[in-house]
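Here's the letter readout for the chains.
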Amino acid sequence: MMDMERRKFLKFAGISALTLGTGFCTGSAESTSDMWPDPKALKAKRWAMVVDMGRCREDCPKHCIEACHAAHNVPYIPSAEDGVKWLFEKPYKNAFPDQQERIVPDKFRRQEFLLLCNHCDNPPCVRACPTQATFKREDGIVMMDFHRCIGCRFCMAACPYGARSFNFRDPRPFIKQINPAFPTRSKGVVEKCNFCQERLAVGQPPACVEACKEGALIFGDLDDSGSEVRRILLRKTHIQRKPSLGTYPSVFYIVG
Amino acid sequence: VSMFEKALRGGRVYWTWLGVLIAFVGSSLLVYLYQYRQGLWVTGLSRDVSWGLYIAQFTFMVGVAVSSVMVVLPYYVYNFRAFDRMAVLAQFLAVGSVIVSLVFVTTDLGKPMRLLNVPLHPTLHSMLFWDMVFLTGYLGLNLVIGWTALSAEEQDAPPPGWLRPLIYLSIPWAASAHTITALIYAGTPGREFWLTAIMAPRFLVTAFAAGPALLIILATTIEKLTVFKPGEQAIQKLATITLYALILDMFFLGLEFFTAFYSQIPRHMESFRYLLFGLGGNSAMVPWYWIMIISILSAIALLFIPSTRKSRVRLVVTCTIAFTGLWIDKGFTLVVAAFIPNTFNQIKEYPPTSPEIMITLGIYCLGALIVTVLYKVAISVKGGREEGVISGKGGKAP
């Protein structure tokens, strides 16, 4: 009994502290807006992204990556091995290493595929994290709490998609221009794409979707039968990364 | 407290040894402070190989720690009296090893100051959370059991009654602790090299080979340096345990090879191909892997020969060979190769950097320091009782 009371108290104390903390330091935490939801906020049962490879141009300067990394203060670290990536590119054979077809249409063999966190419906990273610093929201977004992460990198070992980056060094000197609307990170924590939850919360589409001039990135509610993502997926041939692992990614690639 | 004073009385060799260890621990602490300030980029770790030397040492040393059950079980449950003087050595080795593994896992953290977030936010579905629970518990159990049993002996009294249930608890606790260490790896969907149900059994057998092999080496060293005699029968029993565990290890490894190469599933073969033959011109770990296989196989062959077991020098050499092989496997390749190739089927090798290696050596020196002090106490109590003299590492105390 004693224990339960204590736990309840601690929980209450924790929530109060959190509320006060976020209230007073507006902009310091990623989820500020959750406390006073914006009436314009975009909501979904399960957010999903469709990458239409037919529209994703080879010679495109990839405004999407630039927009994403600028919006989220992602550092530009020159050495690839220490690099931080939220949205990045890999050739077909690396993006889909389990596809063993011998003959791949030229277009796909040459083209780089846009990769990001898959926001899995059954995320192995969330299972692995020992502190719940990474967690799945009701709307399917897999989030990171940069303030709770201990930097054990179990999530990186657990993620089958290489979607997670670790801040091997202080990222701040490597940020081209700091966006004050989004927190910067310190060294020693893991980060990844957050499906622009901070933008959805104020009624804006993800930065990459907004930046894409070709309409190759489509974002919407997978569980809403009237949504654009749903209509496209019903109509066109699409693939997902490593579907046999049972993670149920929320990112789809139109290849037909 | 009075028992701890025994650690403060020792000869020249004892103090020199402690001094050397402290110097190493101190200088590697400086290197660690450099890593702490700079971040983990000073290691060879990368986006592709995100776990390396530290986590591998953690894994290996948890194994050494739990292997004390190979002594505790026969001694306390089956009343195998030959382990009379070996039990405390095994338990104190366990204490040192658990501390070492906890230090390694903390050293690997990006935010070590936030370590307490693990108990503050208990996460039942995370194997790392359970591992922390079981390891700290195991540390406590071994400290309490080892120390209480030794204090009782010092006062010529039987150990208190409450100790026995704790000892019995420590046995399944040890097996569980290492099983959970294996489950950290065995449940990761994208790393087929780890994704194998035999991971936990193999972890246990490599532990039960590495621990007893190390105990033979340590017990022989103590025998040479002090009047404390752990006993020939105890050594022989440990040699047998090592042999059986090594055979099981190779059997399990053979099964891993079969599943990978007979099924021909690329993702299951690739890491093994990388270790055995190299992939796309990347072969940094190939010689190590072959040394591992050859050393374990030759240790098995040598341990079958009665003259090896009977000659202490040959036995210690054989145990060193076995231990080296086991360390290469579980202390390096087993962790690292799961990241090679990475999730994109690309190859990025992992060479540890010198700061990383120095920190690693320093942590092992810390372990050696702890074990030396604990052994000094144990030997003073036990040796004092049996020989009527207080002896220590490196000669007689005043």
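Parameters and conventions
Residues numbered from 1 in each chain as written. Chains lettered and ligands numbered in written order. Predicted model: local features only at pLDDT ≥ 70, side-chain atom pairs only at ≥ 80, totals over all residues. Heavy atoms only, no water. Helix = DSSP H or I, 4+ residues; strand = E, 2+ residues; numbered from the N terminus. Rg over C-alpha atoms; globule rule 2.2 N^0.38 Å. Contact = heavy atoms within 4.5 Å. Areas by Shrake-Rupley, 256 points an atom, 1.4 Å probe, with all protein chains shown as cover. Lys, Arg positive; Asp, Glu negative; His and termini not counted. Charge placed at Lys NZ, Arg CZ, Asp CG, Glu CD. Pairing = 2+ DSSP bridges. Salt bridge = Lys/Arg side-chain N within 4 Å of Asp/Glu carboxyl O. Phe/Tyr/Trp six-rings, centres within 6.5 Å; stacked < 30°, edge-to-face > 60°. Buried < 20%, exposed > 50% of the residue type's maximum accessible area, 1.4 Å probe, protein only. Lys NZ or Arg CZ within 6 Å of the ring centre and 35° of its normal. Core = buried A, V, L, I, M, F, W, Y, C linked by side-chain atoms within 4.5 Å. Axes fitted to C-alpha atoms, helices over the stretch in contact; angles between N-to-C directions. Left-handed = near helix turned anticlockwise from the far one by under 90°. Nonpolar A, V, L, I, M, F, W, Y, C, P; charged D, E, K, R; others polar. Parallel < 35°, antiparallel > 145°, perpendicular 65-115°, else oblique. pLDDT = per-residue confidence, 0-100.

Turning our attention to the overall build of chain B. The helix and strand inventory of chain B stands at 14 helices and two strands. Relative to a compact globule of 398 residues, whose C-alpha radius of gyration would be 21 Å, chain B shows 21 Å and is just as compact. Each principal axis of the C-alpha atoms in chain B carries an extent, and together these give about 65 × 50 × 40 Å. Within chain B, residue pairs in contact and separated by at least 24 positions form 77% of the contacts whose partners lie at least 6 positions apart. Within the structure as shown, chain B displays about 15400 Å² of accessible surface, and the carbon and sulfur contribution to it stands at 71%. Charged side chains of chain B number 28 positive and 19 negative; the gap between the two group centres comes to 4 Å.

What follows deals with the sheet that holds strand β8 (residues 217-221) of chain A. Residue and element names in this part refer to chain A. What the four strands build is an open sheet, ordered β8-β1-β10-β9; its pairing is mixed. In the strand order of this sheet, the two ends are held by β8 and β9 (238-239), each with one partner. Bridging between strand β1 (residues 47-52) and β8 involves five bridges; their strand directions are antiparallel. Counted as the bridge partner of tryptophan 47 is aspartate 221 from β8.

Our focus in this paragraph is the environment of Ile370(B). Locating Ile370(B) in the fold gives a position in helix α14 (residues 354-387). Taking the C-alpha atoms as reference points, Ile370(B) and Gly140(B), 230 residues apart in sequence, are found 15 Å from one another.

Time to look at unusual backbone geometry. Note the cis peptide between Ile340(B) and Pro341(B), where omega equals -5°. Following the sequence through the fold, Pro341(B) ends up in the loop between α13 (312-336) and α14. Phi at His119(A) takes a positive value of approximately 45°, unusual for a residue other than glycine. Look at Cys196(A): it is not a glycine, yet its phi comes out positive at around 55°.

Attention now moves to the pattern of salt bridges. Per the stated rule, a full pass over the model turns up 24 salt bridges over all chains. Where Arg312(B) meets Glu232(B), a salt bridge forms, and the shortest distance between an N and an O atom there is 2.6 Å. Taken together, the residues Arg312(B) in helix α13 and Glu232(B) in helix α9 (residues 232-263) connect sequence positions 80 residues apart. Through salt bridges that share partners, Arg46(A), Asp121(A) and Lys136(A) make up one connected network.

Bringing the packing of aromatic side chains into the picture now. What the rule picks out here adds up to 33 aromatic pairs over all chains. Each ring, one from Trp47(A) and one from Phe219(A), has its centre 4.9 Å from the other, and the planes form 15°; the classification is stacked. Separated by 172 residues along the polypeptide, Trp47(A) in strand β1 and Phe219(A) in strand β8 bring together distant segments of the chain. Pair check on accessibility: Trp47(A) and Phe219(A) agree, each one buried. An aromatic cluster of at least three residues, connected via ring pairs, comprises Phe154(A), Trp51(B), Tyr185(B), Trp194(B), Phe203(B) and Phe339(B). The side chain of Arg185(A) reaches across the aromatic face of Phe146(A), ending 5.2 Å from its centre. For Arg47(B), the ring lying beneath its charged end belongs to Phe88(A), and the centroid distance is 5.1 Å.

Among the nonpolar cores identified, the biggest contains 205 residues, and Met49(A), Tyr253(A), Trp51(B), Met86(B) and Trp194(B) are the most heavily contacted of them. No other element matches helix α8 (residues 199-225) of chain B, which puts 15 residues into this core. Excluding its chain neighbours within four sequence positions, the residues that come into contact with Met49(A) are Leu116(A), Phe195(A), Cys208(A), Val209(A), Leu217(A), Ile218(A), Phe219(A), Ser250(A), Val251(A) and Phe252(A). Of all hydrophobic cores here, the second largest spans nine residues; its members include Val50(A), Val229(A), Leu233(A) and Ile254(A).

Right, let's talk about the packing of α9(B) against α13(B) for a bit. Residue and element names in this part refer to chain B. In the contact formed by α9 and α13, the axes pass within 12 Å of each other and the chain directions differ by 35°. As for how α9 packs across α13, the hand of that crossing is left-handed. Between α9 and α13, the contacting residues are Glu232, Ile235, Ala239, Leu246 and Asp249 on the first element and Arg312, Leu315, Ala322 and Leu326 on the second. Here the residues of the contact of α9 with α13 are counted per class, giving six nonpolar, no polar and three charged.

Residue and element names in this part refer to chain B. Between helix α2 (residues 53-66) and α8, the least distance of the axes is 7 Å, while the angle of their chain directions is 70°. By the angle class used here, α2 and α8 are roughly perpendicular. α2 and α8 meet at a crossing whose hand is right-handed. Here α2 contributes Thr59, Phe60, Gly63, Val64 and Val66 to the contact with α8, which in turn contributes Phe203, Ala207, Phe208, Ala210 and Leu214.

Turning to the confidence of the model for chain B, a few remarks are in order. Averaged over all residues, the pLDDT of chain B is 93; the fraction at 70 or higher stands at 96%. Confidence drops under pLDDT 50 across residues 387-398 of chain B; counting only partners more than four residues distant or on other chains, this segment forms 31 contacts.

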